[in-house]
Every structure is written in C-alpha cells, then in structure tokens.
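This is what each chain is made of:
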Number of protein chains: 2
Amino acid sequence: MISVEEALARILTEITPLNVRQVPLPEASGLVLSQDIVAQEDIPPFANSAMDGFALLSRDSQPQHGQPPRLRITGEVAAGYVADHAVEKGTTMRIMTGAPVPPGADSIIQVELTRTEGPDSPWVEILATVPVGNNIRPAGEDMRSGQTVLRQGDEIGPWEIGILATLGWPTIPVIRSPHVAILGTGDEVIDVAEPLRPGKIRNSNSYLLEAAVQRAGAIPHRLGVAHDTVESLREKFTEAVQYDLIITSGGVSVGDFDLVKNIMAEQGQINFWRINMRPGKPVAFGHISGIPLLGLPGNPVSAAVTFELFGRPVIRKMLGHTRLIRQQVDVIVEDGVSDRAMRRHYVRAYVEWRDGRFVAHTTGNQGSHIMTSLLNVNALVIVPEGGVQVHAGDTAKAIMLDWPEV
Amino acid sequence: MISVEEALARILTEITPLNVRQVPLPEASGLVLSQDIVAQEDIPPFANSAMDGFALLSRDSQPQHGQPPRLRITGEVAAGYVADHAVEKGTTMRIMTGAPVPPGADSIIQVELTRTEGPDSPWVEILATVPVGNNIRPAGEDMRSGQTVLRQGDEIGPWEIGILATLGWPTIPVIRSPHVAILGTGDEVIDVAEPLRPGKIRNSNSYLLEAAVQRAGAIPHRLGVAHDTVESLREKFTEAVQYDLIITSGGVSVGDFDLVKNIMAEQGQINFWRINMRPGKPVAFGHISGIPLLGLPGNPVSAAVTFELFGRPVIRKMLGHTRLIRQQVDVIVEDGVSDRAMRRHYVRAYVEWRDGRFVAHTTGNQGSHIMTSLLNVNALVIVPEGGVQVHAGDTAKAIMLDWPEV
C-alpha cells in the first residue's frame, strides 16, 4: 500500500498545464492567466473629481474679509466630457463625480459646502477652505502605465475581470479548460432512467463525477458505462482518448472479473495502487495512448472521496492553478468516530465555526456503500492510519471541501 | 442614512424564489430542490457482497477436526447478475463485490482467507470462521423505501447528484435560475475594446457584474451602457424588464446630471438610499414594471462590494436558497487600517488561517476608485461606523468571500 500523499505526488508529476488559448473576456472567469498583464495606460487615465461639486483654485476658497468668497460659474463638466475652457482666478466650473478636472483648477469643493441660488445661478458661495488637490483623484493613482497588475498563474475571478476590462483586454490569454472523459464500468450498472432489475444498480458515479469535474473547472464528457467485455471496453477507450483526461470508476480492484484492468494495461501504462485510505483503497493512474487516466473505485462514496483527493488536483494542475490542495484545519469532533480502521479514514462530516473554533459532526454510518454519508458534508475529518480512535470531543484535522485550495 | 442590515432586510422582503422547473439531472448541479425527495426503493436494492470472495453458510466455515473445511464450488455470481441456484450445506459460490448474495448463503468470506488450486478449481479451503452476515451489505442499509433522503431547499451539489441518480431521478424539480439584466450607465463609459479618449473610461462594471452574477448562480445578460439621455435609458429599461432582475451601475448618487434616477422613478417604484457604508454609499432598490431593480454605485469597487452585500443575497433568495449571508469570523488585522471613516468601512483584505487563528492583510489604498484594492482579496474586514480605528494587531470581524453562505 502507498500513502495518499505518495500517490498524489506520483500523479501530479505526470500532469502539466494545458496550452494557452485566447478567450473573450466574459469566458475567462474561473480560468488562469497564462501571462502577466501590464497596464498600457494610467488608471484613472486623467485627474478627475471624487465628488459632485465645483472645480476652483484652492486659494480662491479663502474667506475675503471674513465673508465666504463668491465665484463666477463659467460652465460645467459632466463625466465623459472635457472642459472647453480653463478655470481662472475668481471663477469656477460645476463638476460631476468622475469628470476630468478642468485646466487651471487645482481643487474640488463638494456641492454640500457651497451655496447657489438654483441650478442656473451664475455665482456660487464657497463655504469652506479647501487645500490643493482636494477631492481630486490623480491620473495613475490606481495603476501606472507599465505596471504589472496581474500575474501569470493568477485565477481570474469577477474582480479580476473588472480590472482586465478597465485595462482594455477584450480577449484574455488563459490556460484552456481540460475536456474530461467520464467512463463508468460494470455489467451491474444501468442508467438513471431505467427501472431496477435483479442484481442491477443505477449509474450514479458518472453523474456525480460529471458535476464534480465541472465544479473543478473542466468540461465533462459522460461516455456512459462500458460492459464487462473486451469489445465494449476497447470501444469506450477509443472514444475516451480524444479528450485531455480520462476518469473511470470501477474495475480497478483485485477481483477476478475485472477486465477493465486488463484492457487498461493492454492499451497503456497504468499503475494499480492499493492506497492506505478508506474509503477508496484501489486507485489506478497512468496513460492510455498518451492521455492521462485516473481510475477511481466503483463504490460511489469511494469515487466521490478519491475524486476530491486526486481528481480535482489533477484538473486544477491542468488548468494552470498552483494552489492544488484544500485547506486543513483543526476541528473538535463533537460526536467522535465510532468505527476504527487500520487504513487512514476520511470521515465525512459537517464543520462549522462556533464560538471561535471549528466543530465537526460526522454523518453516521461511514461504510463505503452508504451514499447518505455524503449528505450535508462540507469536510473530511482525517483519522490517521493505524487504528487511531477519535473519541467525542477529540481534536482532528479536517479537509475543508468548500473552501478554496491553498 | 440607513444601515447595511436595514437595506438588505428591506430588499429581501421584496424578493421571492422563482418558479419550479424540471431540469435534466446534469443541469441540476448548483440549483435548489423544490420538493422533498423520497426513496421509492431500498438502496442497496438487494443484499450484496462487500468483498470478492465466496458465499457460504456461516456454519460451514467452522474447522472440521482441526482442519479447514473444504467446500465444493458450484458456480459464481458476478456483479450485475443473479445466481441461478442456491448455496447449500457443503457448497459455495464465488462472488464478486456488489453481486447479489445467492439464496441459501448467509455469509461471505473474502478471497484472501481462502485457498484454491487455481481459478478452475472445484474446491475451496475456508481458512477462517466467519459469522452470519459477514461482508454482506443488507438491502436498504443506505436508504429505505419511503425515506425522505433530500429536502426541499437543499442545494444540489455533485454528491447530491449521485444520490439522485441512484434513486432514479433523470429530471429534477428545482427552482429555476434567474435571468439578470446588467446595465451600465454614463456618457463617460466606453466599451472594453475601444481606445481611451479624453474624459472616457472603459466599462468594467458590466463585465465584473456579469461574472459575479454567474458565480452567484444566475444567468447574466449584459445590455451594454445607457447614454445619459431619456431615450437611451428608456430603451434599455424596456429591454431589461424582460428578465427576472435588473442590476444597474452608476447614476444613483446625488449628482444633478443623474438622469437615471429620474427615469427609474418615472418607470417604477424605486427607493434611493444613502447607506452607512464605505465603499458604496448610494444604492437604489425597487421595481420597474414589476421587475426588481437593484441600482449599484458607479465606482467599480463600490459596485463590486455592494453586489456582494446586496446583489448576491437577492440572487440566492430567487434561487430558493435559505443560506443568504456569508460567514463572518474574527481576524487579527496584522497591518491595521490606516484611513478612518465615519461610515462603516468594508476593507478589502486577504485572510489566511495561520497557527490556529485567522490573520488578515489589507490591500493598500482603500479609495473607492482604486480597483487594485480588489486584487488578491478573499475577505472584507468590517471597521464599525463612527470613526473606529483598527490598529495593527487589533481583532475585527471579516466577511469570508469565498466560503459558502451560512
């Protein structure tokens, strides 16, 4: 048996980020930048007003003989337009938030600190003294032309999208998303819409993995279920090698009838591992026709957990992410873990932040065939290998499944 | 001015979940169940083997005169098939993981605890005593026919998808996703592909909000930018009212030139609020032609933050979620917050878990026009209203932006 860490390290060594593609800005959300983004302009591109108010010379805001100064209003500047004349001593212009500061003016006084006789008034009283630069946002205060604003490897979220738009990037150089073939195996597996017949169970793994692959940022292609025949398996693998990654479920354990292993071994270089973990001991990894293949166990719980531990990091590495592993935190396991295991046990649990600490509740029967143990789960509590017992109130490490990778 | 909490409460009162739709199982990921899901069958549907091994009568595993018993192999059961005869005293059948337990057998012994003379051997030696029920997963151990497995209001993630597949649900009753119109305003705003001209800035809000709306689970429709004319605004609003929700940016502050407010007020019932927060004081909410409208400020930072605080909960409520608000935790603000504000300040920060506590670093200049303050952010540190100072090392509340809602 090998450890989870060793298996993951061996897998990730074989995975490289995919190639670069230019995508329209709105499609870049969730992807990873393939190059640094350098500002080609100052942002903001021009000095502009932070307030609705009046543009003036700072020294014109000084009281005259104890009286508020009166300035002549010579025009106005709306956002999006530029003044057609300068502000001179004794004069002022109305100005709106975001509008360029007119030439001559060195200060903005907000409208609340002024008094006029209506919107058409030609005069304004200045009720406060304002320093040079008041309410002016200088050009380049946010970003300077030539500055590296975003870096290769950064994930593009909504806020990065906003910055890329500001900098004038209608298409974005990104690492493209992997296309992932999802293949179920086993004569016992029927499709979701079929009525149950003796000995049969419905295909849940393919749908579960499809959603998990999509959530990881890849594009799933559900290929259905291969029958336990050489022909059926060969046909499915021929289809699967069109994609960037193949994920199978079932067929990788020690059973005599596991044709899958034979076909995998025949068509490529596949390692079959017994991993020191529960659920999910048997996992396969290798290449078929040059395409990486990850073979997960057939039990849905095992498939779900091994996908989180191995499949998701593979997809993230292909996407160009450098943060591949989920955060672990210390949690108080309020109910303890009743069953002991010699293998390391990933116990499904719900963790919440309460009174300044993380508290975990496990989800009952942790058998690898108990799908309901996957409900209301946001964490995997790790019970170390070697038959360690976790009693109620003990502290353990937990993998937070709905926090981002670190 | 009203508080953030009061504004959000007033908004959410006016929002109801959208109607129910049947969607194919793979499209249900991320949506909310509109009804309870009751199992119509036992899961597993039949008693099956947890191991590859031999099905036998438990009492046949007792040693005979100190020797391991030998049992005659009468056949085999693969996963997906049913035995065509029963296991009787003195006999056994090979059985694979997941295969139905053949009639007569009350126990499974795993293959590692047996010895045969090759795969065609007609006899097997039983090397251990196994109790009744050994390695048998009873029918219904996971879910019972009639049991409510998932509940109305549950979010459907990959693991729930797996359970729905197992239970035979090819289409799922969900609350449908809202279609959200996204409308920019302002004569200063040009599109992302256009070269900058004097007084102009590029449209970043529409792209930022499009990505944020999508991440919140809704379907964005970017309508472009309305000019500051009555005709342009009316035309855009006529288009926008085809959708479930309208989100605008800009045009809701106190400025004289804010035609947007007038058109909104003319076409519907809109409240214009000054909210006790920074960034993002002016926010509008109401209805136009019966469609809810959320008017966000024009500064990209303000639009980004007010979307998180108001827009995302609105979309989540429309989607049928009951968890609408992000988790807050106590963080140590390692660098403090240099600028004081009388309004409550939502300071952009990066929070990490280090040595058993959350530590926050703020992202520099927190001006509402400083888009780079949105980079490498995963939290909003809350500085309470009233000019409270947060010194380096002080504790504050932080909203975790990439944790799920609670």
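These figures come from a predicted structure and were not determined experimentally.

A.B. asks: Any details on the pairing of strand β7 (residues 91-95) of chain B? Residues and values, ideally.
C.D. replies: Residue and element names in this part refer to chain B. With 5 of 5 residues buried, β7 is to be regarded as a mostly interior element. Pairing of strand β5 (residues 53-56) with β7, which is carried by 3 bridges, proceeds in the antiparallel orientation. Of the residues in β7, the one forming a bridge with phenylalanine 54 is arginine 94. Where strand β6 (residues 70-77) lies against β7, 4 bridges are found, and the strand directions are parallel. Along β7, the bridge assignment pairs arginine 72 with threonine 91.

A.B. asks: A description of the sheet that holds strand β17 (residues 219-226) of chain A should follow, citing residues and the corresponding values.
C.D. replies: All names here are of chain A. Here 6 strands make up an open sheet; going across it, the order is β17-β14-β18-β22-β21-β19 and the pairing mixed. Because the sheet does not close on itself, it has two edges, and the strands there are β17 and β19 (268-274). Going across the sheet, the axis of each strand differs from the next one's by a mean of 20°, ignoring polarity. Pairing of strand β14 (residues 179-185) with β17 involves 6 bridges; the strand directions are parallel.

A.B. asks: Report on the pairing of strand β10 (residues 123-126) of chain B, specifying residues and quantitative values.
C.D. replies: Residues and elements named next belong to chain B. The alternating pattern of β10 places Val124 and Ile126 on a buried face and Trp123 and Glu125 on a face that is not buried. Note: β6 against β10, 3 bridges, orientation antiparallel. When the bridges of β10 are listed, arginine 72 appears paired with tryptophan 123.

A.B. asks: Quick one: what's the story with the domain arrangement of chain A, residue by residue and with numbers?
C.D. replies: When its domains are assigned, chain A resolves into domain 1 (4-18 + 177-318), domain 2 (20-43 + 141-175), domain 3 (48-137) and domain 4 (328-400). For domain 2 of chain A versus domain 3 of chain A, the distance between C-alpha centres works out to 36 Å.

A.B. asks: Can you break down the relation of the copies chain B and chain A residue by residue, with the values?
C.D. replies: Think of it as a corkscrew move, a rotation about one axis and a shift along it, taking one chain copy to the other. Rotating chain B by 180° and moving it 0.0 Å along the rotation axis overlays it on chain A with an RMSD of 0.0 Å. The two molecules are tied by a two-fold rotation axis, judged by turn and shift. No C-alpha of chain B lies nearer the rotation axis than that of tryptophan 403 of chain B, which sits 2.8 Å from it. Most of the interface of chain B is mirrored in chain A, where 100% of its interface residues are also at the interface.

A.B. asks: Can you break down the sheet that holds strand β8 (residues 107-110) of chain A residue by residue, with the values?
C.D. replies: All names here are of chain A. In space, the 6 strands of this open sheet follow the order β8-β5-β7-β6-β10-β9, with mixed pairing throughout. One side of each edge strand has no neighbouring strand; the edge strands of this open sheet are β8 and β9 (114-116). Going from strand to strand, the sheet's axes swing by 40° on average, the running direction of each strand aside.

A.B. asks: Can you break down helix α2 (residues 158-166) of chain B residue by residue, with the values?
C.D. replies: The buried fraction of α2 of chain B is high, at 9 of 9 residues. Every buried residue of α2 of chain B is accounted for by Pro158, Trp159, Glu160, Ile161, Gly162, Ile163, Leu164, Ala165 and Thr166 of chain B. Against the buried residues of α2 of chain B lie β16 (201-202), α3 (205-215) and α6 (300-318) of chain A together with β3 (37-38), β12 (148-150) and β13 (171-175) of chain B. Glycine 168 of chain B occupies a position one or two residues after α2 of chain B and carries a positive phi of about 85°.

A.B. asks: Lay out the interface of chain B and chain A in plain terms, naming residues and giving numbers.
C.D. replies: The interface of chain B with chain A comprises 75 residues on the first partner and 75 residues on the second. Those elements that provide at least two residues to the side of chain B that touches chain A are α2, β16 (201-202), α3 (205-215), α6 (300-318) and β23 (328-333) of chain B. No other element matches α3 of chain B, which puts 8 residues into the side of chain B that touches chain A. Its residues assigned to classes, the side of chain B that touches chain A comprises 43 nonpolar, 19 polar and 13 charged.

A.B. asks: Can you tell me about the packing of α3 of chain A against α6 of chain A, naming the residues and giving the values?
C.D. replies: Each pair of packed helices can be described by the angle between their axes along with the distance between the axes. All names here are of chain A. Interaxial distance between α3 and α6 falls to 10 Å at its minimum, and their mutual angle equals 30°. With respect to α6, the element α3 is oriented roughly parallel. Like other packed secondary-structure pairs, α3 and α6 cross with a definite hand, here right-handed. Contacts between α3 and α6 pair Asn205, Leu208, Leu209, Ala212 and Val213 from the former with Pro300, Ala303, Ala304, Phe307 and Ile315 from the latter. Considering only residue class, the contact of α3 with α6 consists of 9 nonpolar, 1 polar and no charged.

About the cut-offs
Residues numbered from 1 in each chain as written. Chains lettered and ligands numbered in written order. Predicted model: local features only at pLDDT ≥ 70, side-chain atom pairs only at ≥ 80, totals over all residues. Buried ≥ 20, exposed ≤ 12 C-beta atoms within 10 Å, placed from the backbone. Helix = DSSP H or I, 4+ residues; strand = E, 2+ residues; numbered from the N terminus. Pairing = 2+ DSSP bridges. Axes fitted to C-alpha atoms, helices over the stretch in contact; angles between N-to-C directions. Domains from an automatic or database assignment. Least-squares fit on C-alpha atoms with pLDDT ≥ 70 in both. Contact = placed C-beta atoms within 7 Å. Nonpolar A, V, L, I, M, F, W, Y, C, P; charged D, E, K, R; others polar. Parallel < 35°, antiparallel > 145°, perpendicular 65-115°, else oblique. Left-handed = near helix turned anticlockwise from the far one by under 90°.

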